[in-house]
Structures are given as structure tokens and as C-alpha cells.
Amino acid sequence: MVATALERLATWRSRGTRASEQTVKHGLTVLEDGGLKKLGDEAWNFLEQLTLASLDIGRLDIADECLEQLTEGFPGSPRVECLKGLRIEADNKPIEAIRFYEAALQEDDTNAALWKRKIAVLRSLGSQNVSQAVEELTIYLDTFYTDVEAWIELADVYAELNLYSLSLQALSHVLILASQNPFYVLRFAETAYTAGDIPLAHKMFLRVIDMDEPEGSKSNATKRAWWGVKLTAGRLLSSPNTPSESKTQPPSSDHLRLLDELATERLAESYRSTSVTPQGQGRDVILAWLGGRKR
Amino acid sequence: MATYILSHPAYAKILLHAAKYPHAPVNGVLIGKKSNGSNSIVIEDAVPLLHMWTSLSPMMEIGLDLAGTHAEALGLQLLGYYQATERLDDTALAPVGERVVSKIKEKFSDAIALVVDGEKIGSGEAALIPYLPAGSSNTWRPQPANSNFSLANAKSPLRVLSLIREQSLHEKIGDFDDHLEDVSIDWLKNAACADKDFNA
Amino acid sequence: MSSAGASLYLDPQIRDWVLFPITLVMILVGILRHYVTILLNSTPKKATRAAIREQRALLRAQILRASAAKSPLPPSYYKAISSSLWNAFTNGTYLKDGPPKEGAEPVSTPANPFSNPDQMDGMMDGMKKQMVMMVPQMVIMGWINFFFQGFVAIKLPFPLTLGFKSMLQRGVETQDMDVRWVSSLSWYFLNFFGLNGVYRLILGNDNAADSSKDVANSSPFAATGQQGAMQAQDYNKLYKAEKDNLELSEGLYTWAAQDVELRVLRRYGKIPAEAANKR
């Protein structure tokens, strides 16, 4: 009983799995059986895992017990500080949590985890605190440049605030940090479209498709990208002189027509019923839309 | 001043969409028509659009176009926009929402925007705040309760709550984002979620 | 001349009172060394955020440059990041002590170890570690030489050339004795190199009693090489060098999406494969 529980917990720890209900269940089994002693040094990792899981499902009592033991064992540890902050957040006291993080950061401003929690809480407080969140994110990223998640968060905040060119700038860092991920390229394309740079969006949508090897795999990024190609090709054909902030050259109108055709074919294809897949819903509406856009 | 009546299927779909993605902002459009002669506008249905990248426009534009075509086929028009955020206390109409509803207003002069009020979901009242343009400017303002907006069926809020709690119906609703991943999802009609037979 | 065949008969008490004690002592001392090293290991000097930032600034440029060929970034975006980094390096924005005041030359940590407190600690740490390694070795050697000298301890199971005689038979020099009969000091050396396996069993892989690491560490060059090499460097100079690299990369830059429409059209057969220049 305890052995299987320990084993499962260890696997989840190594993979970072977030199976909170199960974790708490197994964790309690271990605690009740005095399994803590059997763990030796691993006991601390186990307590951390249990704390996070119990906070996640709202069992604050268990979290408190674990925190007590952790604080005794590792006073002043950066990881324990982060857990304490999360505990305050779980009490729905965001202002207090922010103050806690600020104080902890004064002591040790290299603790990236504390920063990110502070930023997350600021963001959850809504529009009044958004400019502070942006400031904090910017300072954080100035030091911890390689945190892709944080750059995405920044791009998201800028997009929410209608600051699309700043969002694109943030995404540009994401692209060089994770150049093989087509979803980031897709996001860049969609943001470029929203920012009004249609030629750039068009090229980036094509790039998503370009990145999709082997050919024909139905990745979700590629599906959305075909829609994007169709949309942008249509726009470029109807207004050939759309300005591009990034001075991107759109393809020639011949090629645009071919691309428009190609996108239409690819999209219509996915709505056809085959022996394996049922007919796509709303097919008539889609086909009408696709047909109507032909120039 | 026009009066707006929100049908039960429309109310249900809005709330179900919000319930399916509690941790993300969601949005969609409203379709319906203005009854001949009177100034009353019936919002017959809601078409859910996005739950990811809701601030970005390409898929929104496509979804809008498609929903418009779908509405026409039913003899209806696009007449509004709805949104819900992941924060209970955030009831402001997002900038992207303003843009969309302003665009809708170009074709339907009495366009309306609805923002889900997370704090009212448990109560028996409609958990929605209507937004209409203030005067001739382009700013959209929330309307006070008891204004010209009402539900077709006063029992809608409680009914939808029970649909979520007892039948987990919110898991069955599909929006345009879902459809882009799986074309067999019927986001335009969402027949399973219309709860058409509810006539309290 | 006694032949190699004539074997000496060794008192079994030698085994009990010489071989085992030496081995036991060495194992215990090794374990002790391991724990002492752990205790002595002061928490690695926490770099301040400013120091981390200074160090990682170079990384930013490297990441950018690594993407230069077939870059995911459109030209204007690549140039924007490149120029802002170039400017930052010129102005010393990333330096730990901040950009210099008007007119002054950007100051950065001098390479002189004695004036930089961080680096001093690094050096002291290294010296402490070396002491922990060397002192027990010397003590044990002295102890063996004192107590266990003057007799043959064991017979090596493998033959050796005569060259080893002087080293392995210290204290029992005879002309004819087979090199395989060795003194207790050589037993010490055998243990020294052989106990690594035992340490790994007892202390786990990453132990400080490992003598193979000692040998590498004892060279003075290795010691200085290991002190977080970054601390010794003059970031300002590094930044200046990086500026040149950035300029070079700008020249090498190409955009991955440059002719993407042609590739996609070709892939799906909308344009024939060769007609790449139809415009």
C-alpha cells in the first residue's frame, strides 16, 4: 500500500504531473503509515509535492501541516518561501500575498519562482494592476531572458491591452528561444494580422504550413494556418497595397491567386466525408464562405 | 429605445460556454431579429466563437463571417457579441469586444454586447450585464438592471445551473476554436445545448 | 641467485595487522574526507541578480545569433533585437554596476583576483578543498612509513618490470628479490587507487573521497581553471567582442519565410518544381 503510493508519487514528482486529488490521497496513506521516515532525504520533496497538491484541491489543513515541517527543516529556503506565498494566495488574500512576495524578494532578488508568483497574482487582480504586472514582467525578463512562458505571458498582456506591436516584439523573443514550435509561429501570425500587418501575417501562416513535416499531417496549427492563408490571401488580393509595418513583401498576385485556390482546396478537403470521418458540420456555410472569397 | 429579449437557448449557450472554460476568457456572437413593427429585438441564439487567443482577430473574423452566413440562412441577423472572463469581478467590456460589436453595429444599428457577471451565476437572476453605446459616441456603457433588457424565460438562470451541475451539459458545447481542431463539432447550431424543450 | 620461483613465506599476521588496518584506515579516512568536504562546502556564493543579468546578457546575443541562418524572425524584428543588444553592449547597460556615468569608461570587474571579493572566496574555497585532500594523504603516508616500514607486506599477483623496484620496495631494498614482493607503502598506493569502487558503493557516485578527481585537482592550473571561470572575466571586453559577432551575424542572416510561398505552392503541386523564377 505505502510502497505503491510512494512509487506513484515519485514518478509524478519526476514528471511534474499535476494529479492533485490522487496525490493527496496517496500522500495521506504515506503519512498515516509513518512512511515519512522511510523516505529519508526524499521526505522533503514528498512534503513539497503534497503541499502543492493540497493547496490545489483546497485541503489547507494538510498543506499547513506539511509547511510546518518544511519550515522547521529548511528555514529560509527559497523553495519553502514560495510555498508560503502560495498558502497566502490560497486564502484568497492577493494583496497580502503580493506584500509577502515583495518582502521575500527584498531579501533575495534572485528567486525566479517568487517573481513569477507575484506577477501571476498581479495579473489576476485585473485591469488596475496590469501596468504593474507589465513592469514586473519586463524587469524579470531582463534578467531571466530564457523564460519562454514569461515572454508568452507578456505578449498576452500586451494583446489584451491592444498593444499589438509590443506583443509582436515579445513574441519575437519567443521565436528565437523556441524556433521549432509551430504554435508560436501561428500565434505570431495571428498577432501580426491583428496588428494590421497583413503581408507579414500571410508569410507567417505559410511558414507554419512549411514547418509541418511530414506533409499532410493534420496538426492543429496547420489547420488554423490554412484558414489564415485563405483570409490573408483574400485581403491581399482585394487591396494589393496594404501597408506593412515590417515592410514585408507579399507574394505576386499570380501566386496569391494560386495560394487562395490551394487554401480553398485544403479547407474544403477537410470537410468532405470519408469512410473514416463523418462530414464536417456546417459544411454548406463553410463552402459558401470559401466560394464567396474567390476573386 | 429598443427592448431586447434573450431567448432561453441563447442564455443557456452563453453560460454553458463560460462554464466549459472557467479559466479562460470566452466570447461569441448573438443572432436574432427585430420584430416587424415594434421596437423589440429578440435574441434567438448564441454562437460561441473563441476560448483561446481571444484578443487576436483572424479566427474571430472568420467565425464572425461564418456565423453571419449561418444567421442569414435562418432568416436572422448578427446582432450582438457576448464575453465572459475568468475573473469573477471583471465585468468590463474588453477592447476586442468593443471592436467586434462596433463592427456588428455597422450592419445592425441596435447591436448589443453582453458581459457575463460571474458573481451572479449562483443567484436566480440573469448573470449578464448588457452594454449599449452611450449617445452618439463609440463608447459602450453598461446598462443598469431593469433597463430594456430581459430574459424570455425568467427561470433560465436556475435551469442552466442545474444543467451544468446535474447533467454536465457544459462539456457538450463546442465553439469555433474547438471546431478548428475537429470539424465534426457543430459549433453553429450546438443542438445538444439548446435545451429547446424547456418551457417553464 | 634465487629464482623467481622461490617464494617467501609471509607471516599471516602481516595480513591481519598490516593489510587490513591500512585498508580500514584508508576507507574511514576517505569517508571522513567526504563528510568534511560537504561541511566545508560553504553555500555557493549567491550571485546577485545584477551579476546573473550581467552574465546572461551574452547568452541573449548568442541565442539571437544562433537563429541567424533561416531565422524565424522577419528582417525588421531580427535587426531590432540585434541593434538593441548592440547598443546595450556599447553603453554597458548590462554591467553589474550599471552603465558608466557621463564620460567615464565602462568599469567592469577587473581580472585581478585579490581585489574582487567574490573571486577571493572562490579561490579560498578551492584551496580549502585541496587541503582536505592533501593533508590526510600525507598523514597516512607518514604513519605507514613510521609503523610499517622495513618488511615485505604482500606479493603482487601480477609481474612488473625492474623499474618499479625502487618505488615499491622502499625499505627492503635487495638486489634479487622479485619485484612482486612489495612494501606496505605500495599497498597504500594500491588502495589509494583501488578504493574508488568501494567509495562509490558506500557514498554514492558523487563523493568527495574519489581519488581520481584528486589527481586532476592537484595540478595548480586545474585549480584556477575551475573557479567559476566567469568571475574572472572582464565583461566589458566580452561585450565588445560580442558586438563584432552581432555585426557578423547580421550579415549572415536570412529569413526562413523568405520564399515560403514558393515552397508551399511547389509542395502541393500548384507550381512545377523547377519554375522557381516565374514572377
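This structure is a prediction, so every number in the text was calculated from the model and none was measured.

*Asks:* Give me the lowdown on the overall build of chain B, citing residues and values where you can.
*Replies:* When helices and strands are counted, chain B shows five helices and eight strands. Here chain B has a C-alpha radius of gyration of 15 Å; the compact-globule value for 200 residues is 16 Å, and the two agree. In terms of overall dimensions, chain B has a C-alpha envelope of 45 × 35 × 35 Å along the principal axes. Relative to all contacts within chain B whose residues are 6 or more apart in sequence, the contacts with residues 24 or more apart total 69%.

*Asks:* Provide a residue-level description of the interface of chain A and chain B, including the pertinent values.
*Replies:* Note on interface size: it is often stated as the accessible area lost on association of the parts. Taken together, the contact pairs 34 residues of chain A with 25 residues of chain B. Both faces combined, the contact of chain A with chain B buries some 2,800 Å², and carbon together with sulfur accounts for 61% of it. When the buried surface of chain A facing chain B is broken down by residue, Arg224, Gln281 and Val285 of chain A rank first, second and third, together holding 23% of it. Applying the counting criterion to the chain A and chain B interface returns two salt bridges. Where Arg224 of chain A meets Asp177 of chain B, a salt bridge forms, and the shortest distance between an N and an O atom there is 2.7 Å. Joining chain A to chain B, the criterion identifies nine residue pairs in polar contact (both at pLDDT 80 or more). When contributions to the side of chain A that touches chain B are tallied by element, the ones reaching two or more residues are α8 (112–124), α10 (148–160), α12 (182–195), α14 (220–238), α15 (253–271) and α16 (283–292) of chain A. Here the residues of the side of chain A that touches chain B sort into 14 nonpolar, twelve polar and eight charged.

*Asks:* A description of the sheet that holds strand β8 (residues 149–151) of chain B should follow, citing residues and the corresponding values.
*Replies:* Residue and element names in this part refer to chain B. Read across the sheet, eight strands follow the order β7-β6-β5-β4-β2-β3-β1-β8 without closing on themselves; strand pairing throughout is mixed. The open sheet terminates on both sides in strands that have one partner only, identified here as β7 (140–142) and β8. Direction aside, neighbouring strands of the sheet carry axes that sit 30° apart on average. Most of the contacts of helix α2 (residues 58–73) go to strand β3 (residues 40–50), to which it runs at about 140°, and overall it touches β2 (26–34), β3 and β4 (77–84). With respect to the sheet, helix α3 (residues 95–107) is in contact with β2, β4, β5 (112–116), β6 (128–133) and β7, its orientation differing from that of β4 by roughly 170°.

*Asks:* So what's going on with the UniProt feature "domain: MPN" (unreviewed entry) in chain B? Which residues, and what values?
*Replies:* The UniProt entry lists residues 4–137 of chain B under the feature "domain: MPN" (unreviewed entry), expressed in the numbering used here. Span residues 4–137 of chain B is 31% helix and 31% strand, its end C-alpha atoms 21 Å apart.

*Asks:* I'd like a rundown of α12 of chain A, residues and numbers included.
*Replies:* Residue and element names in this part refer to chain A. Compared with an ideal rise of 1.5 Å per residue, which puts 14 residues at 20 Å, α12 spans 20 Å between its outermost C-alpha atoms and is within 8% of the ideal. Counting buried residues in α12 gives ten out of 14 residues, a clear majority hidden from the surface. Among all positions in α12, only Val185, Leu186, Arg187, Phe188, Ala189, Glu190, Thr191, Ala192, Tyr193 and Thr194 are buried. Near the N-terminus of α12, the side chain that reaches the backbone nitrogen of Phe183, with its oxygen 2.8 Å away, is that of Asn181. In the stretch just after α12, Gly196 is the one whose phi turns positive, near 100°.

*Asks:* Now, about the UniProt feature "transmembrane region" (unreviewed entry) in chain C: what can you tell me, with residues and values included?
*Replies:* Residue and element names in this part refer to chain C. Listed under "transmembrane region" (unreviewed entry) in the UniProt record, and renumbered for this structure, are residues 17–36, 132–154 and 185–203. For residues 132–154, helix accounts for 70% and strand for 13%, while the C-alpha atoms at its two ends are 29 Å apart. Counted over residues 185–203, helix gives 95% and strand 0%. Its end C-alpha atoms are 25 Å apart.

*Asks:* Break down the interface of chain C and chain A for me, with residues and values.
*Replies:* Listed as interface residues are 35 residues of chain C and, on the opposing side, 43 residues of chain A. Of the roughly 3,600 Å² buried at the junction of chain C and chain A (both faces included), carbon and sulfur atoms supply 65%. Summed over the shared surface of chain C and chain A, the number is six salt bridges. The salt bridge involving Asp142 of chain A is made with Arg53 of chain C; its shortest N-O contact spans 2.7 Å. Looking at the side of chain C that touches chain A element by element, the count peaks at eight residues for helix α2 (residues 49–66) of chain C. Tallied by class, the residues present in the side of chain C that touches chain A amount to 20 nonpolar, four polar and eleven charged.

*Asks:* I'd like a rundown of unusual backbone geometry, residues and numbers included.
*Replies:* Residues and elements named next belong to chain A. In this model, Asn92 sits at a positive phi of 60°, which is unusual for a non-glycine residue. For Asn92, the position within the fold is in the loop between α6 (78–90) and α7 (94–107). With a relative accessible area of 68%, Asn92 lands in the exposed category.

Criteria and thresholds
Residues numbered from 1 in each chain as written. Chains lettered and ligands numbered in written order. Predicted model: local features only at pLDDT ≥ 70, side-chain atom pairs only at ≥ 80, totals over all residues. Heavy atoms only, no water. Helix = DSSP H or I, 4+ residues; strand = E, 2+ residues; numbered from the N terminus. Rg over C-alpha atoms; globule rule 2.2 N^0.38 Å. Contact = heavy atoms within 4.5 Å. Buried area = accessible area lost by both parts, 1.4 Å probe. Salt bridge = Lys/Arg side-chain N within 4 Å of Asp/Glu carboxyl O. Polar contact = N/O pair within 3.5 Å; in protein donor to acceptor, adjacent residues only side chain to side chain. Nonpolar A, V, L, I, M, F, W, Y, C, P; charged D, E, K, R; others polar. Pairing = 2+ DSSP bridges. Axes fitted to C-alpha atoms, helices over the stretch in contact; angles between N-to-C directions. UniProt positions renumbered as here; feature names shortened; annotations may be inferred. Expected span 1.5 Å × (residues − 1). Buried < 20%, exposed > 50% of the residue type's maximum accessible area, 1.4 Å probe, protein only.

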